[in-house]
There are 2 protein chains.
Amino acid sequence: MPIKYPNGQSFKQLAVPKKAAPVQFGKRGMNFESEINATNEYYLAHGIAVIHKKPTPVQIVRVDYPQRSRAKITEAYFKQASTTDYSGVYQGYYLDFEAKETQQKTSFPLKNFHKHQIEHMQAVLDQGGIAFVLLHFASLTETYYLPAEPLIQFYLEHEGLKSMPITLIRENGYAIATQQIPRVPYLEIINSLYEVTDHR
Amino acid sequence: MPIKYPNGQSFKQLAVPKKAAPVQFGKRGMNFESEINATNEYYLAHGIAVIHKKPTPVQIVRVDYPQRSRAKITEAYFKQASTTDYSGVYQGYYLDFEAKETQQKTSFPLKNFHKHQIEHMQAVLDQGGIAFVLLHFASLTETYYLPAEPLIQFYLEHEGLKSMPITLIRENGYAIATQQIPRVPYLEIINSLYEVTDHR
């Protein structure tokens, strides 16, 4: 008894022209991460893809039980993530990515990525998954899909210390035309790079 | 510049006889979840698969900054998970599962699964992912791989209210012979059910 989604449309029908005017996230009071989350909610609600943001990893030290019904965490600390923030499945493909934004205009600071995350992306590639990053240049209102391969190569060559020039990102990545709904249609890049067949 | 794993062996070489004596987790002071985590660490360290447990979802209400270096969460609450606990990639396949144990001997209580998780598993199947549950009967020291399809069907037929009889689990699932290392070799079931090709 399969669960029915409200919208039976195929992805192709939902696709929008790539030339849509870019949406300036900052001006609408939403940051890039929220835009990605909204995009994933759209994909999920329409049965297009199942992509979730992992919860923030927290080390829980002390929990109080003031009422039986609801435990209260009274001491906890943020932990460094060992993987990327987003993962899920799209038409049989395992997707794994990180979404980051910068105010800089000429390069993207690699300190946004931890060594663990870079290693994780390489491990995902080795397993036949699709790993990438979504980079948003807020001041330029430009958004890029950058495959993990050139990012990892640049990161290892510079030991994670440098910023990646936007010229290199443009050369190795793909611009995403942001729009109203879904806001950051990154799956269109996947469609253009991989053979995507509707499994439903 | 691909990252090298310490062990270049292929999965086939690492596979162990299926008739290994079952390991009794309880007696070694480890619960089933820890055994699954240890199994995933083994798979990761040997470059066999990249499977991670998602962090516990926590709603953070208040954070203090006693020192600049380390933020302290002083009020937070557990949130219900909207997905399953485990996901990752194995030779191009998206895997998604939940691991649960029970002390019961004749059936598995479905209250262990939330409606959201059942819906999530159906969405994963619709996207061509592999969804399943690992069920451990602690008193019987029996462990099963149960595909999501029969679980979802039983859950929807009984509105999540009933327990699933062990006879049905044995009929629709696959026994996993637990062992020392890796402790719960559930990928062997995947190997027997799907066409697995080494992507490396």
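Remember, it's a predicted structure, so these values are computed and weren't measured experimentally.

Attention shifts here to the packing of aromatic side chains. Inspection of the entire model under this criterion finds 25 aromatic pairs over all chains. Residues Phe-132 of chain B and Tyr-186 of chain B carry aromatic rings whose centres are separated by 6.0 Å and whose planes lie at 45° to one another, so their mutual orientation is tilted. Note that Phe-132 of chain B is positioned in strand S7 (residues 130-137) and Tyr-186 of chain B in the loop between strand S10 (174-175) and helix H6 (187-193), a separation of 54 residues in sequence. Ring geometry for Tyr-145 of chain B and Tyr-174 of chain B: centres 6.2 Å apart, planes at 65°, overall edge-to-face. Placement of the pair is Tyr-145 of chain B in strand S8 (residues 142-147) and Tyr-174 of chain B in strand S10, with a sequence separation of 29 residues. Here a set of aromatic residues connected by ring pairs shows up, and it is made of Tyr-42, Tyr-43, Tyr-86, Phe-97, Phe-132, Tyr-145, Tyr-174 and Tyr-186 of chain A. Over the ring of Tyr-77 of chain B we find Arg-70 of chain A; its NZ or CZ atom is 4.0 Å from the centre of that ring.

Before going further, it helps to spend a moment on the relation of the copies chain A and chain B. For the pair chain A and chain B, the superposition axis carries a translation of 0.0 Å, the fit reaches an RMSD of 0.0 Å, and the rotation angle comes to 180°. On the angle and the small slide along the axis, the relation comes out as a two-fold axis. Of all interface residues in chain A, 100% are interface residues in chain B too; the two copies therefore contact each other through one and the same surface.

All names here are of chain A. Strand order in the open sheet formed by six strands is S1-S4-S5-S7-S8-S10, with mixed pairing between adjacent strands. The open sheet terminates on both sides in strands that have one partner only, identified here as strand S1 (50-53) and strand S10 (174-175). Note: strand S8 (residues 142-147) against S10, two bridges, orientation antiparallel. Directly across from Tyr-145, in S10, lies its bridge partner Tyr-174. Along the sheet face, helix H2 (residues 32-45) touches S1, strand S4 (86-90), strand S5 (93-102), strand S7 (130-137) and S8 and points at about 155° away from the line of S5. Contacts between helix H4 (residues 148-157) and the sheet are confined to S7 and S8, with S8 contributing the most and set at about 85° to the helix.

All right, on to the UniProt feature "site: Transition state stabilizer" (unreviewed entry) in chain A then. Residue and element names in this part refer to chain A. In this structure's numbering, the residues bearing the UniProt feature "site: Transition state stabilizer" (unreviewed entry) are Lys-100. Structurally, Lys-100 can be placed in strand S5. Those residues in contact with Lys-100 that sit more than four places away from it in its chain are Phe-32, Phe-108, Asn-112, Phe-113, Leu-134, Leu-135 and His-136.

Judged by nonpolar contacts, the single largest core of 50 residues is most densely connected at Phe-113, Met-121 and Leu-151 of chain A together with Phe-113, Met-121 and Leu-151 of chain B. Residue contacts for Phe-113 of chain B: discarding those within four places in its chain leaves Glu-98, Lys-100, Phe-108, Ile-118, Met-121, Val-133, Leu-135, Leu-151 and Tyr-155 of chain B.

Turning our eyes to something else, we now look at the pattern of salt bridges. Any two side chains of opposite charge can pair if their charged atoms end up close together. Residues and elements named next belong to chain B. Per the counting criterion, the structure on display carries 15 salt bridges over all chains. Residue Arg-62 pairs with Asp-64 through a salt bridge whose shortest N-O separation is 4.0 Å. Classification of Asp-64 by relative accessible area gives partly exposed; the value is 32%.

Let's shift gears to the interface of chain A and chain B. On the side of chain B, 48 residues touch chain A, which itself brings 48 residues to the contact. Counting each side, the surface lost to burial between chain A and chain B is near 4100 Å², with a carbon and sulfur contribution of 67%. On the surface where chain A and chain B come into contact, there are zero salt bridges. Looking at the side of chain A that touches chain B, the elements that each hand over two or more residues are S1, strand S2 (58-67), strand S3 (70-78), S4 and helix H3 (115-126) of chain A. Grouping the amino acids of the side of chain A that touches chain B by side-chain chemistry returns 24 nonpolar, 17 polar and seven charged. Note that S3 of chain A and strand S3 (residues 72-78) of chain B share four bridges and pair antiparallel. Directly across from Ile-73 of chain A, in S3 of chain B, lies its bridge partner Ala-76 of chain B.

Moving on, we get to the sheet that holds S8 of chain B. Spatial ordering of the open sheet is given by S1-S4-S5-S7-S8-S10 (chain B), a layout of six strands whose pairing is mixed. One side of each edge strand has no neighbouring strand; the edge strands of this open sheet are strand S1 (50-53) and S10 of chain B.

Glancing now at H3 of chain A. The end-to-end C-alpha distance of H3 of chain A, which contains 12 residues, comes to 17 Å, matching closely the 16 Å that a straight helix rising 1.5 Å per residue would cover. Residues of H3 of chain A that are buried sit in contact with S5, S7 and H4 of chain A together with S1 and strand S4 (86-90) of chain B. Phi turns positive, to about 80°, at Gly-128 of chain A, one or two residues after H3 of chain A.

All names here are of chain B. Between helix H3 (residues 115-126) and helix H4 (residues 148-157), whose axes approach to 10 Å, the crossing angle comes to 135°. The pairing of H3 with H4 is recorded here as oblique in orientation. The two elements H3 and H4 cross, and the hand of that crossing is left-handed. Each of Lys-115, Ile-118, Met-121, Gln-122 and Leu-125 in H3 lies in contact with H4, whose residues at this interface are Ala-148, Glu-149, Leu-151, Ile-152 and Tyr-155.

Moving on, we get to the pairing of S5 of chain A. All names here are of chain A. Burial of S5 is extensive: eight of the 10 residues sit out of reach of the surface. Bridge count between S4 and S5: five bridges; the pairing is antiparallel. By the bridge assignment for S5, Tyr-86 is matched with Phe-97. In this structure, the hairpin formed by S4 and S5 is closed by a connection of two residues, where Gln-91 is found at a positive phi of approximately 45°. In this structure, S5 lies alongside S7, joined through eight bridges in parallel fashion. Counted as the bridge partner of Asp-96 is Ala-131 from S7.

Basis of the calculations
Residues numbered from 1 in each chain as written. Chains lettered and ligands numbered in written order. Predicted model: local features only at pLDDT ≥ 70, side-chain atom pairs only at ≥ 80, totals over all residues. Heavy atoms only, no water. Phe/Tyr/Trp six-rings, centres within 6.5 Å; stacked < 30°, edge-to-face > 60°. Helix = DSSP H or I, 4+ residues; strand = E, 2+ residues; numbered from the N terminus. Lys NZ or Arg CZ within 6 Å of the ring centre and 35° of its normal. Least-squares fit on C-alpha atoms with pLDDT ≥ 70 in both. Contact = heavy atoms within 4.5 Å. Pairing = 2+ DSSP bridges. Axes fitted to C-alpha atoms, helices over the stretch in contact; angles between N-to-C directions. UniProt positions renumbered as here; feature names shortened; annotations may be inferred. Core = buried A, V, L, I, M, F, W, Y, C linked by side-chain atoms within 4.5 Å. Buried < 20%, exposed > 50% of the residue type's maximum accessible area, 1.4 Å probe, protein only. Salt bridge = Lys/Arg side-chain N within 4 Å of Asp/Glu carboxyl O. Buried area = accessible area lost by both parts, 1.4 Å probe. Nonpolar A, V, L, I, M, F, W, Y, C, P; charged D, E, K, R; others polar. Expected span 1.5 Å × (residues − 1). Parallel < 35°, antiparallel > 145°, perpendicular 65-115°, else oblique. Left-handed = near helix turned anticlockwise from the far one by under 90°.

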